[in-house]
Structure formats: C-alpha cells, structure tokens
Amino acid sequence: MEKKYINIQRSLSYFLLCLMTVGFLTSSCSSDDDLEDIEEDTARQDAQISFDPEYFGQSFNTAPDSTHQFTVKINKGQKVATGFSVYEKIISEGVVVQERTELPEYRRDLSGEDTETIEFEYHVAEERQDKDKITLDFVVEQEENEVSEAMVLEVEKEAPEEDPIQEINDIIYYTQLALGGQDNSDIGSFFNIEEATDYTLPEASSNQERIDLGMLVGASTGINFLAPASSGFQYFGSEISDAVYDGWDIKNDGEFVNIGNLDDAEAIFDNLEFSADIISAFEEAQANVTSIPGYVENENGPGDRVRRVNVGDIIFFKTESGTIAVLKITSILPDTAGMVEFEMKTAADPDTEPVDPGEGGDEDDDNEGSELAYFPEIEVGGQDNSSVGSFFNIPNQTVYSLEDATTNQADVNFIMLVGASTGVNFLAPASSGLQYFGSDIETAVYEGWETKNDGQFVNIGNTDTAALFEGLSSKEELSEAYQTALAEVEDMPGYVENENGPGDRIRRVKQDDVIFFEAEDGTLIVFKVNQLATETSGSVIFEMKTAN
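Keep in mind that what you see is a predicted model, and the values were worked out from it rather than measured.

Engineer: Just to check I follow, could you spell out the sheet that holds strand E16 (residues 254-258) for this structure?
Structural biologist: Two pairing modes exist for strands in a sheet, parallel and antiparallel, and in both the strands are linked by backbone hydrogen bonds. As summarised here, the arrangement of the six strands in space is E10-E11-E20-E19-E18-E16, forming an open sheet in which the pairing is antiparallel. Edge strands, defined here as strands with exactly one partner in the open sheet, are strand E10 (165-168) and E16. Neighbour-to-neighbour, the strand axes of this sheet turn through a mean angle of 25°, independent of strand direction. Strand direction decides the pairing type here: strand E11 (residues 171-180) and strand E20 (residues 339-347), joined by eight bridges, are antiparallel. Looking at E20, one finds that isoleucine 172 is bridged to threonine 346. On top of the sheet, helix H5 (residues 263-270) reaches E11, strand E18 (314-319), strand E19 (324-333) and E20; it is set at about 125° to E19, its chief contact.

And the structure:
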C-alpha cells in the first residue's frame, strides 16, 4: 500500500506540472493586439454624450431671458443605460447661489435602442446677472455607474449704448470726440470747445475767432496741442505756417496743463462732477504740475503748447475767454493723417456762476440748497485692477492705488477688495480682515501701515432701499437714517452679521445695496452700489451722498 501511495503522489505532481506548463504557454501566446482589443471593449462599455450643434458641448456666453435649443445624443455603449437627467448649478458674484440641483422636467427613462437623441430646450432666467455662471450637468445612469458631460454658460448682459453727450450737474461730458492730424482729410485739426466741433484748416481760417486749440503731429514731437497764438504753428510745414502763423488775424491764446496718465490723474478726471470741481482742479494742476513724476516743461506746461501727448493723459486747457476744459486722451494714431480720440468735461454754460457741489445740481432740483453733496458715479477697483485703485478718500473723492495709499495712509477712509468666496468686501483700514487678501495687502496694510483709520459700515440691502437713498437730501435726514439703520439692521430679512454689519468690514455686497459708512472722524456717507466686481481685476461703481 505504501508503494502504491507513492506512485499516486508522483502522478499528481506530474499532472500539476503539466497544467502549469500549458497555462504558461497559453498566456505567452496572447498577443499585444489581443490585449488592446480587450481594453477597447472595456472602454466602449460606457455611454457617450454629445451635442448638436457641437459648440453646445463647450463653454459659451449667453444673455438673460434667452432660450437655447439643441440635441443631446447618447451612444449607450455596452452597459445597460436606464435613465437621463440634468442638473443645474449657479454661481453669482463669485458665490454659489444654487448648489447642483436636478431639473425634474428633463428627467426621462431611456429605451433599449443603442443610440438615442433628446431634443433639449433650456431657458436662462431673466433675473440672471452679468457674469453669472450656469453649469448644466447631463447625466446618463447605467446599471453599474453613471456618465456625465458638463456645459458652462456665462451670462453676459449687453452693455447699454453710451450717450456721447452727457449732462452731469452743471457740466457737459463728451465721451466720443476726435481731432485729425494735419493731413487727415476726414477730421479737422482745429477745435471749438463750446460747440465741441472740429474744423479743417480752410474752415478754421474762415472762423478764426471760434478756434480755441489745434492738434498737430510732429515727426519728433509726436502729438501736440497748441493754442492758435502759439509760435509752434511755424514748425508744421509751410501750409500750416503760412495759413495760421503768418496768415490769421485772430489768434486766440490759451494755457495747457498736462498732468499725465498716472492713476491719480485719471481719478481726478473721473471725479469732476461740477464746474467748480473743474476750476479748483485746474488751479491745483497749474500750481503743482512741476512736481509730477517725469515732469518736462514743454510736455506738461503750463504753456500755450504741449508736446508728446500720450494715451491716458489728462490735459487741462483754459481759453483766452476763461473757459476751462479737461481732456482725457483715449486713443492715438500718431501720424499726420491719423487722429487723436478723447473725452472732455467742461462747464455747460461758461457764463453762469458755478454751482456749489454742496448744493446739488440741476439734475436733482429737490437737492438744491440742501446740505448733502451728491456724487453720481465713483469707481473703485479690485486689488488686481491696474487702472483704478482700491483705497478711497471721502472728502476729495480720491481713489488711491496700494502704493499711493501707503504714502497717504491718513487720508484713506475705506477699501474695496474682492474675495474668492466673500465676493465684494468693504473694509475700514483698521479691519483685521485685511490679512486675508493676499500677501501684498497683508504685508503692506495689515502689518505695515502705522495709521489705520477705523470706521463702521451698515448694509441695509437692496429691498425697497433705493427710494430711501434717493430721498435723503439733508444732513439731518442722513443722520436719522443712519441711526435707524444701526438700530434695525439686525431685524431685516436675511440678516447676516458679517454681510450687513454694523462693523468695520462687510462681505458679499450685492447690486443695488444701500450702505452707510461712518468714518473715524465722524464723516457720514451713504452710497448705493450700481456695478459689482466679479473678479479681483474688476471694479465697483457707486453713487454717494455725504454731508458737507
């Protein structure tokens, strides 16, 4: 028996060895092509989702109150696909306002066909705001898992067409003016401020008394602005020299002051709301222009000619009759046949006594004689906005960049910054919140500033608050409204302490919110937000009322 057992054991061992050898040989005979086929078969098992037209499968812009129609195609692959559903997520002002939510009207069971098409219609709600992001997630449910394809719609409101001539209190603001080089056959080189009209050389020669200034292009001096009395007219070719320098009997004089194109210069232009502002800004520019960085006398003035004018330059010009105009250069085609485009602010009626900014303007008769100053449009930029600063001074309505604000710490009343999750924030310089907006802000302001003005915000929101803002016309009314806001803000619907205050910082500011702010020195303002920043390089625009 023992010998027989040994023979069986040997037979089993031999049999197992043979099986292993066959398995090894079989495995070795499998080709790479066979393995690729297996992998491809596995990949094809999931359903595939596509769109017709194809661009719906990408991110694209849309408008509020718009409808999109397209076809969803489902290739079901080898797995059993059972259902189709659509989910919607909405981000507004950088904040998730609707989490991923199923839209039940689009849910359906799938048939047994290999390929299925679904006619799809989606309507963008009318209340969607500019820069809102809508994510639609198309999902095919399978027995073992699900597959999805996302589509992103970014809402883009059509910008209203800008009025080229705007009346602001007692000034006129021209947004689309141009002067041509001396060889431009379509646009004249000579200009009358009161009419905001350009003249060609022959037309100007017939209307010499009307010409306040000229724009000529020099080979080495670039863009030049000249008063007709300037001796510079002899240096732009014989035609100009003979006609104007030698030929004109009436040569109006004038004085230019070019304060350049730094952030502060643009802010000065943007904040001119009354003719009295224009007069005081001109006098300040006239007195201080020699102190601006890179000052060159024949480029910055004061004088009857300025050379090498650049895009963004803010140029004051006072005519011989005393009218003051302020020009903002927006575009330059530096050729004698080219042109210069610019905006201009000047008094609506140079012969009328300037309106005191504290008295309001012609735009709002109810404010005449009141104690509140009204500023219809003030812009502050996010922390990465290279054109508009984030730091604001109330008395002068001045906006500072971080660098300029650091030099003028005592003048900064509040700051506007944009957070990834907190949206638009307003902060007093003393707020500890300044440590949360990147190392530049934290190091410079939170850790570096020696003077940090305090202040208190109260945001009463945007529900039935516009009328309150519009109705405030006196210091007493403003003070009473502020005290009421302090007492009642916590009872308002949807109150959130760090969004509504009172406090030295408010978060998630929304369109049309009405906000009170009391500065450390007691200055009290109320402002209404008319445009929101959706990113750190954007800007916020608001209108403001403050007591004198």
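Still more ground to cover, so stick around.
Engineer: Explanation requested: the sheet that holds strand E29 (residues 524-531) in the structure shown.
Structural biologist: Across the sheet, five strands lie side by side as E21-E30-E29-E28-E26; this open sheet has antiparallel pairing. Of all the strands in the sheet, the pair left with one neighbour each is strand E21 (372-381) and strand E26 (455-459). In this sheet, adjacent strand axes meet at a mean angle of 25° when their direction is disregarded. In this structure, E21 lies alongside strand E30 (residues 539-547), joined through eight bridges in antiparallel fashion. Each residue of the ladder has a partner; that of alanine 373, found in E30, is threonine 546.

Engineer: Explain the environment of glutamate 450 to me, please; I cannot follow it from the model alone.
Structural biologist: Along the polypeptide, glutamate 450 turns up in the loop between helix H9 (439-446) and E26. The spacing of glutamate 450 and alanine 410 is 40 residues in sequence and 9.0 Å in space, taken between C-alpha atoms.

Engineer: Before we go on, may I ask you to explain unusual backbone geometry in this structure?
Structural biologist: Residue proline 302 follows glycine 301 across a cis peptide bond; omega there is 0°. The residue proline 302 is located in the loop between helix H7 (297-300) and strand E17 (305-306) in this model. The phi angle at aspartate 512 is positive, at roughly 75°, despite the residue not being glycine. For aspartate 512, the location among the structural elements is in the loop between strand E27 (505-506) and strand E28 (514-519).

Engineer: It is not clear to me how the pattern of salt bridges should be interpreted in this structure. Could you clarify?
Structural biologist: Within the structure shown, the criterion is met by 12 salt bridges. Two residues, arginine 210 and glutamate 195, come together in a salt bridge whose shortest N-O distance is 2.3 Å. Residue arginine 210 is found in the loop between helix H3 (201-206) and strand E14 (213-218), and its partner glutamate 195 is found in the loop between strand E12 (190-192) and strand E13 (197-199); the two are separated by 15 residues along the sequence. The class of arginine 210 is partly exposed, set by a relative accessible area of 34%.

Engineer: What is the right way to look at a negative patch on the surface in this model?
Structural biologist: Residues Asp183, Glu239, Asp242, Asp246 and Asp335 make up a contiguous surface patch of negative charge. With respect to the helices, strands and loops of the structure, aspartate 183 is situated in the loop between E11 and E12. For aspartate 183, a relative accessible area of 48% puts it in the partly exposed group.

Engineer: How should I be thinking about the side chain of asparagine 169 in this particular structure?
Structural biologist: In this structure, asparagine 169 sits in the loop between E10 and E11. With relative accessibility at 7%, the residue asparagine 169 sits in the buried group. At 3.0 Å, the side chain of asparagine 169 and the backbone oxygen of glutamate 273 are in polar contact.

Engineer: I keep staring at the packing of aromatic side chains and nothing clicks. Help me out?
Structural biologist: We describe a pair of aromatic rings using the distance from one ring centre to the other and the angle between the two ring planes. With the rule as written, the count across this model stands at 27 aromatic pairs. Measuring from centroid to centroid gives 6.0 Å for phenylalanine 51 and phenylalanine 70, while their planes differ by 70°, and the two rings are edge-to-face. Residue phenylalanine 51 is located in strand E1 (residues 48-52), and its partner phenylalanine 70 is located in strand E3 (residues 67-75); the two are separated by 19 residues in the primary sequence. The structure contains a cluster of three or more aromatic residues connected by ring pairs, namely Phe392, Phe414, Phe426, Phe457, Phe517, Phe527 and Phe542. Across from the ring centre of phenylalanine 469, 5.0 Å away, lies the NZ or CZ of lysine 545, which sits over that ring.

Basis of the calculations
Residues numbered from 1 in each chain as written. Predicted model: local features only at pLDDT ≥ 70, side-chain atom pairs only at ≥ 80, totals over all residues. Heavy atoms only, no water. Pairing = 2+ DSSP bridges. Helix = DSSP H or I, 4+ residues; strand = E, 2+ residues; numbered from the N terminus. Axes fitted to C-alpha atoms, helices over the stretch in contact; angles between N-to-C directions. Contact = heavy atoms within 4.5 Å. Salt bridge = Lys/Arg side-chain N within 4 Å of Asp/Glu carboxyl O. Buried < 20%, exposed > 50% of the residue type's maximum accessible area, 1.4 Å probe, protein only. Patch = residues over 30% accessible without salt bridge, like charges linked within 9 Å, V, L, I, M, F, W, Y side chains within 5 Å. Areas by Shrake-Rupley, 256 points an atom, 1.4 Å probe, with all protein chains shown as cover. Lys, Arg positive; Asp, Glu negative; His and termini not counted. Charge placed at Lys NZ, Arg CZ, Asp CG, Glu CD. Polar contact = N/O pair within 3.5 Å; in protein donor to acceptor, adjacent residues only side chain to side chain. Phe/Tyr/Trp six-rings, centres within 6.5 Å; stacked < 30°, edge-to-face > 60°. Lys NZ or Arg CZ within 6 Å of the ring centre and 35° of its normal.

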